[in-house]
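Tertiary structure, described
Now for the letters of each chain:
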Amino acid sequence: MPDTQDNFVVHSFGIQIDGVQLEQLKSISGVGMRQEVITSQHVTDQGVVYTRKQPGAKTPGTVTITRGMDKSKSLSEWIKETHDKGDVTKARKNVTIEMKDNTGKTVRRITLERAWASSWQSGDLIAGQTNAVDESVTIEYEDLKIEDA
């Protein structure tokens, strides 16, 4: 019998930095995980050579958040921990991304562990334009956990 489930469609998403919800989200890119692959050669008792692959070390990752700039200070204060103060130990926070279905129910949580902001970029400022200003933050993380809600 064929699978009758529909593909997962993300209608909305949220992001929290150590439990503090960010607003004005537009996009999150680069969410993923990578693990090194260890390849080794072996020989059987019969003299047949074969290759075996196994998981190696997890590779830390990077995501980029784009959001509408607002008056909230929580994101800028977090960025300042490393950029201004040089305190990456204090800046390391868990970042949780929640993917929601069309009813607003969280269906998957992705936690970026020991994350910190490595860069910030303002959107273009153009004289005479009335468009909203975006900001992009690049976040480095050491581990990623996926949890189905």
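**Things to note about the nonpolar core**
Residues Ile15, Leu75, Trp78, Val95, Leu112 and Ile139 are the most contacted members of the largest nonpolar core, which totals 20 residues. When contributions to this core are tallied by element, the ones reaching two or more residues are strand S1 (12-17), strand S6 (61-68), helix H1 (74-83), strand S7 (93-100), strand S8 (106-122) and strand S9 (134-141). For this core, the leading source of residues is S8, giving four residues. Not counting chain neighbours up to four residues away, the residues in contact with Leu112 comprise Val63, Lys93, Asn94, Val95, Ile97, Tyr141, Asp143 and Leu144.

**Remarks on H1**
Of the positions making up H1, those classed as buried are Leu75, Trp78, Ile79, Glu81 and Thr82. Taken around the axis of H1, the buried residues stretch over an arc of 145 degrees, which confines them to a single face. Among the structural elements, S1, S6, helix H2 (88-91), S7, S8 and S9 are those in contact with the buried residues of H1.

**Overview of the side chain of Thr66**
By the element assignment, Thr66 lies in strand S6. Residue class for Thr66 comes out buried when judged on its relative accessible area of 17%. Within the structure, Thr66 has its side chain in polar contact with the side chain of Ser136 (distance 3.2 Å). Residues contacting Thr66, with those up to four places away along its chain left out, are Leu25, Lys26, Ser27, Asp134, Glu135 and Ser136.

**Brief notes about the environment of Ser27**
Checked against the element boundaries, Ser27 lands in strand S3 (residues 25-29). With relative accessibility at 31%, the residue Ser27 sits in the partly exposed group. For the pair formed by Ser27 and Arg67, sequence separation is 40 residues and the distance between their alpha carbons is 6.8 Å. Those residues in contact with Ser27 that sit more than four places away from it in its chain are Phe13, Thr64, Ile65 and Thr66.

Reading the values: the criteria
- Residues numbered from 1 in each chain as written.
- Predicted model: local features only at pLDDT ≥ 70, side-chain atom pairs only at ≥ 80, totals over all residues.
- Heavy atoms only, no water.
- Core = buried A, V, L, I, M, F, W, Y, C linked by side-chain atoms within 4.5 Å.
- Buried < 20%, exposed > 50% of the residue type's maximum accessible area, 1.4 Å probe, protein only.
- Helix = DSSP H or I, 4+ residues; strand = E, 2+ residues; numbered from the N terminus.
- Contact = heavy atoms within 4.5 Å.
- Arc of directions from axis to C-beta.
- Polar contact = N/O pair within 3.5 Å; in protein donor to acceptor, adjacent residues only side chain to side chain.

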